[in-house]
Amino acid sequence: MRPLGLFAATAAACALALASSGASANATGETGARPALWRTYDLILNLQNLPRTYTCDQLWYEVHGILERLGAWPYSINILPYNCSPSPSGAMKSPDVQVRFQLPFFLQGVGIKSAPAEAIERTLQLSPGEPKTLHPSDCQLMQQITRTLLASIPVRIDEQHFDCSESGPRAGHFKVVLTLPMGVKLPVARPTSAAGPH
C-alpha cells in the first residue's frame, strides 16, 4: 500500500484555474452565481474486475483528473489507492480508492444570508481526453466511477454512454454528461506541504 497525501503542488494555480473556469461558464450564459457552501465527501471506491491493470500512481492521477474536472477545491483533494498492482503487468485488477474532497452545493432558505461561497450551475463532459488523464482504455474504470463516486455526490447525469468492447469502430468510446454546482468563490487556502503520489 502506498500512502498518498494531500495534493497541493501548484495549488494556487489550480485555484485560479478553477475560478477562471467558473467565470468562463458564467460568461457563456449559464445560471448566475448563487449562495453556496463547500461540503466534504469521504468515500471508498471499490473497483471490481477491471479489464486492465492500474498501478497506485496511475489510479491516483486518473481520480485526481476527474475530481479536478468536477471542480473539487484543489486544497481539499486527498486520494489513497490501495490493493492495486505495483506494476502495469501485475494481476491485481480489483483495487480500492479512498477519496476525500470538497464540492459546493447551493444553499436555500435562511442559510443564504450567511453563505460563505458562491457557485454556478455548470454542465460538463467526462470522456477520453476530458480530462486529459482519461483514455479509451479507461472505459470500464469510468463506468464504475459513474456508479460509485458520481452516484454519491449531488450531480445530475444528463447523458451516459459506454461502449467498452475491445474491438469495433466504437471500441472504448464513452461519454458522461452531467450538471453540478461549480464554485466561483473559493475558500481561503490553508498553508500545507506539497505531496502527491510517491
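My aim in this report is to walk through the structure given alongside it, one point at a time. Just so you know, these numbers come straight off a predicted model, no measurement behind them.

**Some remarks on the pattern of salt bridges**
Turning to step 1, where the next piece is worked out: Applying the stated criterion across every chain, the model contains five salt bridges.
Turning to step 2, where the next piece is worked out: Here Arg-52 makes a salt bridge to Asp-138, at a shortest N to O gap of 3.1 Å. Residue Arg-52 is found in the loop between β1 (34–46) and α2 (56–70), and its partner Asp-138 is found in the loop between β4 (117–126) and α3 (139–147); the two are separated by 86 residues along the sequence.
Turning to step 3, where the next piece is worked out: Residue Arg-52 is classed as partly exposed on the basis of its relative accessible area of 23%.
Turning to step 4, where the next piece is worked out: With a closest N to O distance of 2.7 Å, Arg-156 and Asp-158 form a salt bridge.

**Considering the nonpolar core**
Turning to step 1, where the next piece is worked out: With 39 residues, the main nonpolar core has Leu-70, Phe-101 and Leu-149 as its most contacted residues.
Turning to step 2, where the next piece is worked out: For this core, the secondary structure elements donating two or more residues are β1, α2, β3 (96–106), β4, α3 and β6 (173–183).
Turning to step 3, where the next piece is worked out: Here this core gets seven residues from one element, more than from any other, and that element is α2.
Turning to step 4, where the next piece is worked out: Filtering out sequence-adjacent residues up to four positions away, Leu-70 remains in contact with Leu-103, Leu-124, Leu-149, Leu-150, Ile-153, Leu-178, Leu-180 and Met-182.

**Quick word on the sheet that holds β6**
Turning to step 1, where the next piece is worked out: Taken in spatial order, the six strands of this open sheet run β2-β3-β1-β4-β6-β5, and their pairing is antiparallel. Each of the sheet's edge strands pairs with one partner strand only, and the pair in question is β2 (78–82) and β5 (156–163). The average angle at which neighbouring strand axes cross in this sheet is 20 degrees, direction not considered.
Turning to step 2, where the next piece is worked out: In this sheet, β4 lies alongside β1 in antiparallel orientation, the contact comprising three bridges. Looking across to β4, one finds that Ala-36 is bridged to Ala-117.
Turning to step 3, where the next piece is worked out: Strand contacts of α2: β2, β3, β4 and β6, with the helix running at about 145 degrees to β2, the strand carrying the most contacts.
Turning to step 4, where the next piece is worked out: Docked against the sheet, α3 engages β1, β4, β5 and β6, running at close to 150 degrees with respect to β5.

**Considerations on the packing of aromatic side chains**
Think of a pair of aromatic rings as described by two things: how far the centres are apart, and how the planes are tilted against each other in angle.
Turning to step 1, where the next piece is worked out: Here the structure, examined in full by the defined rule, presents four aromatic pairs.
Turning to step 2, where the next piece is worked out: Look at Tyr-41 and Phe-101: their rings are 5.5 Å apart centre to centre, the planes differ by 20 degrees, and that puts the pair in the stacked class. With Tyr-41 in strand β1 and Phe-101 in strand β3, the pair connects residues that are 60 residues apart, well separated along the chain.
Turning to step 3, where the next piece is worked out: Residue Tyr-41 is classed as buried on the basis of its relative accessible area, which comes to 8%.
Turning to step 4, where the next piece is worked out: With 5.0 Å between their ring centres and 80 degrees between their planes, Trp-60 and Tyr-61 make a pair best called edge-to-face.
Turning to step 5, where the next piece is worked out: Judged by relative accessible area, Tyr-61 falls into the partly exposed class, the value being 44%.
Turning to step 6, where the next piece is worked out: Seen from the ring of Phe-105, Arg-39 lies directly overhead, with NZ or CZ sitting 3.8 Å from the centre.
Turning to step 7, where the next piece is worked out: Across the ring face of Tyr-54, the terminal group of Arg-52 is positioned such that the distance to the ring centre comes to 4.0 Å.

**Observations concerning the side chain of Thr-53**
Turning to step 1, where the next piece is worked out: Looking at the element boundaries, Thr-53 is found in the loop between β1 and α2.
Turning to step 2, where the next piece is worked out: Its relative accessible area of 7% is what places Thr-53 among the buried residues.
Turning to step 3, where the next piece is worked out: Looking at Thr-53, its side chain comes within polar contact range of the main-chain oxygen of Gly-90, at 2.6 Å.

What counts and what doesn't
Residues numbered from 1 in each chain as written. Predicted model: local features only at pLDDT ≥ 70, side-chain atom pairs only at ≥ 80, totals over all residues. Heavy atoms only, no water. Salt bridge = Lys/Arg side-chain N within 4 Å of Asp/Glu carboxyl O. Helix = DSSP H or I, 4+ residues; strand = E, 2+ residues; numbered from the N terminus. Buried < 20%, exposed > 50% of the residue type's maximum accessible area, 1.4 Å probe, protein only. Core = buried A, V, L, I, M, F, W, Y, C linked by side-chain atoms within 4.5 Å. Contact = heavy atoms within 4.5 Å. Pairing = 2+ DSSP bridges. Axes fitted to C-alpha atoms, helices over the stretch in contact; angles between N-to-C directions. Phe/Tyr/Trp six-rings, centres within 6.5 Å; stacked < 30°, edge-to-face > 60°. Lys NZ or Arg CZ within 6 Å of the ring centre and 35° of its normal. Polar contact = N/O pair within 3.5 Å; in protein donor to acceptor, adjacent residues only side chain to side chain.

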